[in-house]
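# Fold and contact review
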Amino acid sequence: MSQLSVAWITGAGGLIGNYLIQTASQFAPARRVRGLTRAQLDLLDFVAVSRAFHGERPQLIIHCAAMSKSPDCQAQPELARRINVEATVRLAELAAEIPFVFFSSDLVFDGRKGSYVETDPVGPLSVYAGTKVAAERIVLANPRHTVIRTSLNGGTSPAGDRGFNEQMRLAWQAGRTLKLFTDEFRCPIPAVVTARATWELVNKNQAGLFHVAGGERLSRLQIGQLIAARWPQLNPKFEAASAKDYPGAPRPADSSLNCAKAQKLLSFPLPGLTEWLTAHSNEPF
């Protein structure tokens, strides 16, 4: 009986990482998946990471771990760079001879155009976006390696607060009224779909840069309306607002992604959020 190849999933306690682990038995049955949380392996302890890598010799690394909340990155830019760039660099170096998948963001774009393809120039507006751009360039320098840019991901995370839907629900449970932008557009996607697409790209030995996001361009307000309809018992409160009034770092107005490149390789259509929620009306989200 052949031995299963080991795959590391960093950020296993997060949203996408957790779904990659949950779906591995279905979409990557030939792999023994090891989920790594910060408690199990501190990615900033490069000596420990190197020791673990050489001890286990994984044949694939999918790197989901990140400092992903933009306001936190703005407040602590040096820490954001260490986590999002330096840790990625070290992992990519260790994985020089094996497939390595790095998750990036639609926020690498300045938002002036929308429907971005992989060849469009980036224009990061925030510290978070800047760290993702820096890491992307390093990862893509190796032709074996892959960058997946995604958008807002939703679902159920171990911590209960990682998905955009979870953050909205927590706010409504606390009785807050959300201000939702009418002039900021994304392509939200269920994290379980992101996970399936990622495994399919990995299984097809696809390297390079891919956009993987939902098939529907929605404003923050439209997203909120869809999630509110899911949770009427919370008496969800929200009001229309403009991103121009946001007091934090500049935000791209339209970072929607064109996913045609990845879509050609996938066995299923990347769904829009409205379509997916309708089709999964009896599932928690």
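Use the structure listed above.
Residues numbered from 1 in each chain as written. Predicted model: local features only at pLDDT ≥ 70, side-chain atom pairs only at ≥ 80, totals over all residues. Heavy atoms only, no water.

With five of its six residues buried, strand 1 (residues 5-10) lies for the most part within the structure. Inspection of the sheet shows strand 1 paired to strand 2 (residues 31-36) by six bridges, in the parallel sense. Its bridge partner being in strand 2, W8 is matched across the sheet by R34. Crossover strand 1 to strand 2 through helix 1 (residues 15-27) is right-handed. Across four bridges, the pairing between strand 1 and strand 3 (residues 60-63) is parallel. Bridged to A7 within strand 3 is L60. (Buried < 20%, exposed > 50% of the residue type's maximum accessible area, 1.4 Å probe, protein only. Helix = DSSP H or I, 4+ residues; strand = E, 2+ residues; numbered from the N terminus. Pairing = 2+ DSSP bridges. Right-handed = clockwise from strand over helix to strand, strands pointing away.)

Each pocket or cavity is described by its volume, and for the second largest pocket that value is around 260 Å³. For the lining of the second largest pocket, the secondary-structure elements that each account for two or more residues are helix 1, helix 7 (191-203) and helix 10 (273-279). Tallied by class, the residues present in the lining of the second largest pocket amount to eight nonpolar, three polar and three charged. (1 Å grid on protein atoms, 1.4 Å probe; cavity = no way out; pocket = protein on both sides within 12 Å on 5 of 7 lines; lining within 4 Å. Points joined across faces, edges and corners; volume = space filled by probe spheres on them. Nonpolar A, V, L, I, M, F, W, Y, C, P; charged D, E, K, R; others polar.)

Of all the residues in helix 8 (residues 220-230), the buried ones are R220, L221, I223, G224, I227, A228 and R230. Looking at the buried positions of helix 8, the neighbouring elements they touch are helix 6 (164-173), strand 7 (177-181), strand 8 (185-186), strand 11 (218-219), strand 12 (237-241) and helix 10. (Contact = heavy atoms within 4.5 Å.)

One finds L20, I62, W199, V212, I223, I227 and L270 to be the most contacted residues of the largest nonpolar core, which totals 53 residues. If one sorts the elements of this core by residue count, helix 7 sits on top with seven residues. Sequence-distant contacts of L20, that is, excluding residues within four places in its chain, are made with I9, I62, C64, F103, A195, T198 and W199. Formed by 21 residues, the second largest nonpolar core is a distinct cluster that contains W8, L43, V49 and A52. (Core = buried A, V, L, I, M, F, W, Y, C linked by side-chain atoms within 4.5 Å.)

For the coordinates displayed, the defined rule picks out six aromatic pairs. When the ring of W8 is compared with that of F53, the centres are 6.0 Å apart and the planes differ by 85°; the resulting orientation is edge-to-face. With W8 in strand 1 and F53 in helix 2 (residues 46-56), this residue pair connects regions lying 45 residues apart in the sequence. For W8, a relative accessible area of 0% puts it in the buried group. Between the aromatic rings of W276 and F285, the centroid separation amounts to 5.3 Å while the plane-to-plane angle is 55°, which identifies the pairing as tilted. (Phe/Tyr/Trp six-rings, centres within 6.5 Å; stacked < 30°, edge-to-face > 60°.)

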